[in-house]
Amino acid sequence: MSDSLWGIDLGGTKIECVVIDPITLEIKERQRIPTMGDLGYDAVLQQIKKIVDQVSVSTGLKPDKIGIGTPGSTNPYTHKLRNCNSVYLNGQTFQKDVQALLGIPVTTSNDANCFAISEYKLGIVHDQYPDAKVVFGVIMGTGVGGGLIVNGEIIEGKNGIGGEWGHNHLDDSGGLCYCGKLGCVEKIIAGPSLESYYEKLSGSPKKLKDIVESYRAKTDEHAHKTMQRLFYNFGRAISCIINVIDPDVIVIGGGVGNIDELYTEGVKAAEQFVFSDYIETAFVKPKHGDSSGVLGAAFL
Ligand SMILES: [Zn+2]
């Protein structure tokens, strides 16, 4: 058995690497460097090699395999990445390329899958819901993603899109999504979508954090409408997930997931749409917040 688990999170602006003790699950090392995405795909590959070399030097350890969380997902047939908001990654055989560069086995998965597995293995699910069999990890931030864990395994799915609820159709009023479809969940309930809805109503821009504050202060009818629309549509969107996979726990990360009222008003809205006379599903915040993805990558 290896004496360490290695995980990398490939973000839009930074690449993070962690080394975890496989027995104690203690984090032995954690480093980040810039992604350098503006210099193109090859530069990003070199940054990945650089951080692995750096961490090897500082820990005195060498990985015998490595897990990497990426945006988008890998097409299981062509092995090419797609659906990445960091567009230089789309069409690249990323897993193969990194594997060739590092000379060790590399496993990749979507960053929301890594988030879900991290909270399952090391986070809130492990701590508070150890008997949970079905866990849905949700990231609601600048986009909306999801990862599904069943009996401890990530469900990548036949088409490699398991858990991708952010691009279910929700409402045409959200407009055209970068994915080419109209009215995706993400275009209604992600942070930028909430901000642009608010701006359309009020005629002036406001950051999400300030919209939430105005909503709580009951001083801004547009903030009230924006938040009501979020809760209602979160309820509609998540009810489709509950009706199909009926998770024990839904862990919600990201900036929108941080809004407390989502766990009261949003859940109340979901209750209206779920095909059950009650909901026992636990809706919880993650233990590791934004740093969850890189920890999950180490378990791929
Ligand atoms: Zn979409």
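For clarity, every value in this text was computed on a predicted model and none was experimentally measured.

### Quick look at the overall build of the protein
- Assigned secondary structure in the protein consists of ten helices and twelve strands.
- In summary, the protein has a C-alpha radius of gyration of 20 Å against a globular reference of 19 Å for 300 residues, a match within 12%.
- Along the three orthogonal principal directions, the C-alpha set of the protein runs to about 55 × 45 × 40 Å.
- Considering the protein as a whole, with its 300 residues, one finds that 51% of them fall into the buried category.
- For the protein, contacts bridging at least 24 residues in sequence account for 60% of all contacts bridging at least 6.
- Of the accessible surface of the protein, which amounts to about 13,900 Å², a share of 52% is contributed by carbon and sulfur atoms.

### Topic: the domain arrangement of the protein
- The domain architecture assigned to the protein consists of domain 1 (5-104) and domain 2 (131-286).
- Domain 1 and domain 2 are separated by 28 Å when their C-alpha centres are compared.
- Listed as interface residues are seven residues of domain 1 and, on the opposing side, six residues of domain 2.
- Interface of domain 1 and domain 2: buried area, both sides summed, is about 470 Å²; carbon and sulfur atoms make up 40% of it.
- At the boundary of domain 1 and domain 2, one finds four residue pairs in polar contact (both at pLDDT 80 or more).
- Tallied by class, the residues present in the side of domain 1 that touches domain 2 amount to two nonpolar, four polar and one charged.

### Some words on the packing of aromatic side chains
- Enumeration over the complete set of coordinates arrives at four aromatic pairs.
- Arranged with centres 6.3 Å apart and planes meeting at 70°, the rings of Phe234 and Phe283 form a pair that is edge-to-face. Taken as a pair, Phe234 in helix α8 (residues 221-245) and Phe283 in strand β12 (residues 282-284) lie far apart in primary sequence, 49 residues in all.
- A relative accessible area of 0% means that Phe234 is categorised as buried.
- Residue placement shows Arg229 over the ring face of Tyr197; its charged tip is 3.8 Å from the ring centre.

### Some thoughts on the coordination of the zinc ion
- The coordination sphere of the zinc ion, as far as protein atoms go, consists of His167 (ND1), Cys177 (SG), Cys179 (SG) and Cys184 (SG), spread over 2.0 to 2.4 Å.
- Around the zinc ion, the four donor atoms are arranged such that angles at the metal cover 105 to 116°; this shape is classified as tetrahedral.
- Coordination of the zinc ion draws on donor residues from a single chain, spaced H-x9-C-x1-C-x4-C in sequence. Here Cys179 lies in the loop between β10 (153-154) and α5 (186-189) and His167 lies in the loop between β10 and α5, a separation of twelve residues in the sequence.
- Take His167: its relative accessible area is 21%, and that puts it in the partly exposed class.

### What to know about the sheet that holds strand β8 (residues 134-140)
- With mixed pairing, five strands are arranged side by side in an open sheet as β10-β9-β8-β11-β12. Here the strands that pair on one side only, and so sit at the sheet edges, are β10 and β12.
- Docked against the sheet, helix α3 (residues 111-121) engages β8, β9 (144-150), β10 and β11 (249-253), running at close to 45° with respect to β9.
- Its contacts with the sheet place α8 against β8, β9, β11 and β12, and it is angled at close to 150° to β8.

### Here's the deal with the pattern of salt bridges
- If you walk through the whole model with that rule in mind, you get twelve salt bridges.
- Two residues, Asp127 and Lys287, come together in a salt bridge whose shortest N-O distance is 2.9 Å. Residue Asp127 is found in helix α4 (residues 124-128), and its partner Lys287 is found in the loop between β12 and α10 (292-297); the two are separated by 160 residues along the sequence.
- The exposure class assigned to Asp127 is partly exposed, which follows from its relative accessible area of 40%.
- Among the residues examined, Lys287 registers a relative accessible area of 46% and is labelled partly exposed.
- Of the charged contacts, one joins Asp171 and Arg236 as a salt bridge, the two residues approaching to 3.6 Å between their closest N and O atoms.

Calculation criteria
- Per chain, the residues get numbers from 1 upward, laid out in the order the sequence is written.
- The model is predicted, so local features are restricted to residues of pLDDT at least 70 and side-chain atom pairs to those at 80 or more, both for listing and for counting; the totals for chains, interfaces and linings are taken over all residues.
- As a rule here, side-chain values cover all heavy atoms of the structure and leave hydrogens and water aside.
- Counting from the N terminus, the helices are the DSSP runs of H or I reaching at least four residues and the strands are the DSSP runs of E reaching at least two.
- Here the radius of gyration uses the C-alpha set of atoms, whereas the globule reference equals 2.2 Å times the residue count to the power 0.38.
- Only protein chains enter the accessibility calculation, which uses a 1.4 Å probe. A residue is then buried if its area is under 20% of the maximum for its type, exposed if over 50%, and partly exposed in between.
- Contacts: residue pairs with any heavy atoms within 4.5 Å of one another.
- With residues, only the protein chains shown are counted as cover, and all accessible areas are computed by Shrake-Rupley using a 1.4 Å probe.
- Domain limits in this description derive from either an automatic procedure or a database domain assignment.
- The buried area of a pairing is the accessible area, by a 1.4 Å probe, that goes missing from both parts when the two are put together, added over both.
- Pairs of N or O atoms are called polar contacts if they sit within 3.5 Å, as long as, within protein, a hydrogen donor faces a hydrogen acceptor (for residues adjacent in sequence, only side-chain-to-side-chain pairs).
- Only Asp, Glu, Lys and Arg are considered charged in this grouping, and only Ala, Val, Leu, Ile, Met, Phe, Trp, Tyr, Cys and Pro are considered nonpolar; every other residue, Gly among them, is considered polar.
- Aromatic contacts are taken between Phe, Tyr and Trp rings whose centres are within 6.5 Å, Trp giving its six-membered ring; a plane angle under 30 degrees counts as stacked, one over 60 as edge-to-face, and the others as tilted.
- Any Lys NZ or Arg CZ found within 6 Å of a ring centre and within 35 degrees of that ring's normal is scored as a charge over the ring.
- Here a donor is any nitrogen, oxygen or sulfur atom (N, O, S) within 2.8 Å of the metal, with 3.2 Å used for Na, K and Ca; water is not among the atoms considered, so some sites may look incomplete.
- Geometry is assigned from the angles between donors: four donors with all angles from 85 to 135 degrees make a tetrahedral site, four or six donors whose opposite pairs exceed 155 degrees while the rest stay between 65 and 115 make square planar or octahedral sites respectively, and everything else is labelled irregular.
- A pair of strands is treated as paired once DSSP finds two or more bridges between them.
- Only the contacting stretch of a helix is used when fitting its axis, a line to C-alpha atoms as for every element, and angles between N-to-C directions run 0 to 180 degrees.
- Between Lys or Arg on one side and Asp or Glu on the other, a salt bridge is scored when a side-chain nitrogen of the former is within 4 Å of a carboxyl oxygen of the latter.

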